[in-house]
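Observations on chain architecture
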Amino acid sequence: MKKFKKPLSLKGSILLALVLALVCVGIVELIVCSYQAPELYEKIISPVRTGVHQLVQASQTTWDRWSAGAQNSVHFAANQLKETLQALQTPPDPDEALDEVQLVDNEAVAPPPRSRASFMITSLAARNGCEYLTGGTREITYYNQTAERWADEPYGSDRIGGYGCGPTAMAMVISSLTDTTVDPIQMAQHCVDHGYWARKHGSYRTIVSGVAEDFGLTCTSLPPDQADEETVSRYLSNGQLIVALMGPGHFTNRGHFILLRGVTLDGSILVADPASPERSLTTWDLELIVDELSSSRDSGGPLWVLSQDFF
């Protein structure tokens, strides 16, 4: 059943009529006053106008503060989301402890114990926009991660120049052992996409076997206690490459991937160091290299033998 509002009483109706009449009279008087007595009109209206202006200003200030706060909150949330996504891009491998940081920093390392080798033993040759290390059984396509061309390019949220020894070393491997040429930028992106990048640590050690499999190479672990002169010489003389993860010493203060790329007639080792052409152009004692290997013993490290399938 529809309910109807109770009509106003006679007393209420009279009171409402009087109020409306007073308002109308007041408006008419103000209009007349604005023409007949402008000064009085201004005295009456001025406080009202000032109050309205202050109310508008207060409302604008409140809105500006709210807008600024909202924008800051949005920017903060966006930055937090970006950092979270970067951290989740390559989730940590629970079976792989990152006990060292692969970082090229400004701390000096011990200089090579030998001076630069003779041009007849090894050299750095430039052809068609690329550099090649000569000597050994095969030439090696050489990339220097600290060179201006690569150093500031991204490796995930890091930079190749500081943390990219892993992808730079593997770019040399793939470009030298296969028909595919891959530069450090391309390899860095490949490693990010496949989960080999370790934020602020360099690369997970699965980078070696993973990239080898991705590009059709055979990867075999070489335990350090089996890395004697005869074994290493046999691998290198057959044109295979050995990736070595180095610990503190002549190559790094923290952790660093290099390549063993050849052996000389006197049994010295030729290396390809992705952070130093100087160290790549001298010869090394195998004993020193083995002594300075990383203490890591997971994911096949710290020595991996890489070869094409026909080896």
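Structural data are supplied above this passage.
Okay, so let's go over this structure. (Residues numbered from 1 in each chain as written. Predicted model: local features only at pLDDT ≥ 70, side-chain atom pairs only at ≥ 80, totals over all residues. Heavy atoms only, no water.)

This paragraph deals with the side chain of S268. Counting through the fold element by element, S268 comes out in the loop between β10 (256-263) and β11 (269-272). Residue S268 is classed as buried on the basis of its relative accessible area of 2%. The contacts of S268, once residues within four sequence positions are left out, are R114, G262, V263, T283 and W284. (Helix = DSSP H or I, 4+ residues; strand = E, 2+ residues; numbered from the N terminus. Buried < 20%, exposed > 50% of the residue type's maximum accessible area, 1.4 Å probe, protein only. Contact = heavy atoms within 4.5 Å.)

Turning next to the layout of surface pockets. Taken as a whole, the largest pocket encloses approximately 200 Å³ of empty space. Around the largest pocket sit G129, C130, E131, Y142, Y143, N144, A147, R149, W150, T181, D183 and Q186, which together line it. Looking at side-chain class alone, the lining of the largest pocket contains five nonpolar, four polar and three charged residues. A volume near 160 Å³ is recorded for the second largest pocket. Lining the second largest pocket, in full, are L103, V104, D105, E107, V109, F251, T252, N253, G255, H256, A275 and R279. Class assignment for the residues of the lining of the second largest pocket results in five nonpolar, four polar and three charged. (1 Å grid on protein atoms, 1.4 Å probe; cavity = no way out; pocket = protein on both sides within 12 Å on 5 of 7 lines; lining within 4 Å. Points joined across faces, edges and corners; volume = space filled by probe spheres on them. Nonpolar A, V, L, I, M, F, W, Y, C, P; charged D, E, K, R; others polar.)

The element strand β13 (residues 303-307) is largely enclosed, with a buried count of five among its five residues. Of the two faces of β13, the one holding L303, V305 and S307 and the one holding W304 and L306 are both buried throughout. One ladder, built from four bridges, connects strand β9 (residues 241-246) with β13; its direction is antiparallel. What sits directly across from L241, in β13, is L306. (Pairing = 2+ DSSP bridges.)

Mapping R205 onto the fold places it in the loop between β7 (202-203) and α6 (206-214). A relative accessible area of 0% means that R205 is categorised as buried. Of the polar contacts made by the side chain of R205, one reaches the side chain of S296; its length is 2.9 Å. (Polar contact = N/O pair within 3.5 Å; in protein donor to acceptor, adjacent residues only side chain to side chain.)

Moving on, we get to the packing of helix α5 (residues 184-193) against α6. Relative orientation of the contacting elements α5 and α6 amounts to 105°, with a least axis distance of 11 Å. In terms of orientation, α5 and α6 fall into the roughly perpendicular class. Between α5, through M187, H190 and C191, and α6, the contact on the second element is made entirely by I207, V211 and D214. Among the residues making up the contact of α5 with α6, the classes are represented as four nonpolar, one polar and one charged. (Axes fitted to C-alpha atoms, helices over the stretch in contact; angles between N-to-C directions. Parallel < 35°, antiparallel > 145°, perpendicular 65-115°, else oblique.)

What follows is about the environment of D183. Here D183 shows up in the loop between α4 (165-177) and α5. For the pair D183 and A169, spaced 14 residues apart in sequence, the C-alpha to C-alpha distance is 10.0 Å. Residues in contact with D183, not counting those within four places in the same chain, are Y143, W150 and A171. Within polar-contact distance, the side chain of D183 engages the backbone nitrogen of I185 at 3.0 Å.

Fair warning: the whole summary comes from geometry, so function is off the table for now.
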